[in-house]
Amino acid sequence: MEDTDREIVRLLSRDGRMSYTDLARTTGLSTSAIHQRVRRLEQRGVITGYTATIAPDAIGLTLTAFISVTPLDPSAPDDAPERLAGLAEIEACHSVAGEESYILKVRVATPADLEDLLARIRAAANVSTRTTVVLSTPYEGRPPAV
């Protein structure tokens, strides 16, 4: 990816609502050139979408936890992500190397909600879990170093 495209991606990763006019002004290109470059970045799959960033605490999701998932039967099909996809509290599912198969990032309102979610995860995917509760989050959701 060339430097100008990297700059566009960097700018949009920090402010996905930045106008084509502002992008053009910042990069020194014309608005039509910016529009074409952004469209090409979208078509190539570099830019995959635009989204609102929500403050979890503001909507009552004050408890964040990481749940390590290990299958109870190692010979069973590795289909935990599909079995857990319907649980809205799971924000991210990462396949990992090591003792666990997956690490889930979850957000819930209360410890009781976390306890309920853990039971649903275990039942849905036939797994054991190990949970780490987040005490504070100095930063997250940082844009990639482009």
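To be clear, the structure that these remarks concern was listed above.
Residues numbered from 1 in each chain as written. Predicted model: local features only at pLDDT ≥ 70, side-chain atom pairs only at ≥ 80, totals over all residues. Heavy atoms only, no water.

The next thing to look at is the overall build of the chain. Check the secondary structure of the chain and you find five helices and four strands. Listing the helices and strands of the chain from first to last along the sequence gives α-α-α-β-α-β-β-α-β. A compact globule built from 146 residues should have a C-alpha radius of gyration of about 15 Å, whereas the chain, at 20 Å, is more than 25% larger. Dimensions of the chain along its principal axes, counting C-alpha atoms only, are 55 × 35 × 25 Å. Counting only residues that meet the buried cut, the chain has 26% of its 146 residues in that class. (Helix = DSSP H or I, 4+ residues; strand = E, 2+ residues; numbered from the N terminus. Rg over C-alpha atoms; globule rule 2.2 N^0.38 Å. Buried < 20%, exposed > 50% of the residue type's maximum accessible area, 1.4 Å probe, protein only.)

We note that Asn126 has phi near 55°; this positive angle belongs to a residue other than glycine. Looking at the element boundaries, Asn126 is found in the loop between helix H5 (111-125) and strand E4 (127-133). According to the relative accessible area criterion, Asn126 is partly exposed, its value standing at 38%.

A few words on the packing of helix H1 (residues 3-14) against helix H2 (residues 20-27). How two helices pack is summed up by the angle between their axes together with the distance between the axes. Across the interface, H1 lies against H2 with an axial gap of 11 Å and an inter-helix angle of 130°. Relative to H2, H1 is oriented oblique. In this structure, H1 crosses over H2, and the sense of that crossing is right-handed. Here Glu7, Ile8, Leu11 and Leu12 of H1 come into contact with H2, specifically with Leu23, Thr26 and Thr27. A breakdown of the residues in the contact of H1 with H2 according to their chemical character gives four nonpolar, two polar and one charged. (Axes fitted to C-alpha atoms, helices over the stretch in contact; angles between N-to-C directions. Parallel < 35°, antiparallel > 145°, perpendicular 65-115°, else oblique. Left-handed = near helix turned anticlockwise from the far one by under 90°. Contact = heavy atoms within 4.5 Å. Nonpolar A, V, L, I, M, F, W, Y, C, P; charged D, E, K, R; others polar.)

This brings us to the sheet that holds strand E3 (residues 102-108). Ordered by their spatial adjacency, four strands build an open sheet running E2-E3-E1-E4, and the pairing between neighbours is antiparallel. Edge positions in the sheet fall to strand E2 (90-95) and E4, since each has one partner strand and no second. The mean angle between the axes of side-by-side strands here comes to 20°, regardless of whether they run parallel or antiparallel. Note: E2 against E3, five bridges, orientation antiparallel. Counterpart to Cys93 in the pairing with E3 is Leu104. Set on the sheet, H5 makes contact with strand E1 (63-71), E2, E3 and E4; between it and E4 the angle comes to about 155°. (Pairing = 2+ DSSP bridges.)

A separate point is H1. Over its twelve residues, H1 extends 17 Å from the first C-alpha to the last, a length consistent with the 16 Å expected when each residue adds 1.5 Å. Buried residues along H1 sit in contact with H2 and helix H3 (31-43). (Expected span 1.5 Å × (residues − 1).)

When you line up the elements, Thr129 lands in strand E4. Polar contacts involving the side chain of Thr129 include one to the side chain of Arg122, which spans 2.9 Å. The residues touching Thr129, leaving out its near neighbours within four places in the chain, are Ile67, Ser68, Leu118, Ile121 and Arg122. (Polar contact = N/O pair within 3.5 Å; in protein donor to acceptor, adjacent residues only side chain to side chain.)

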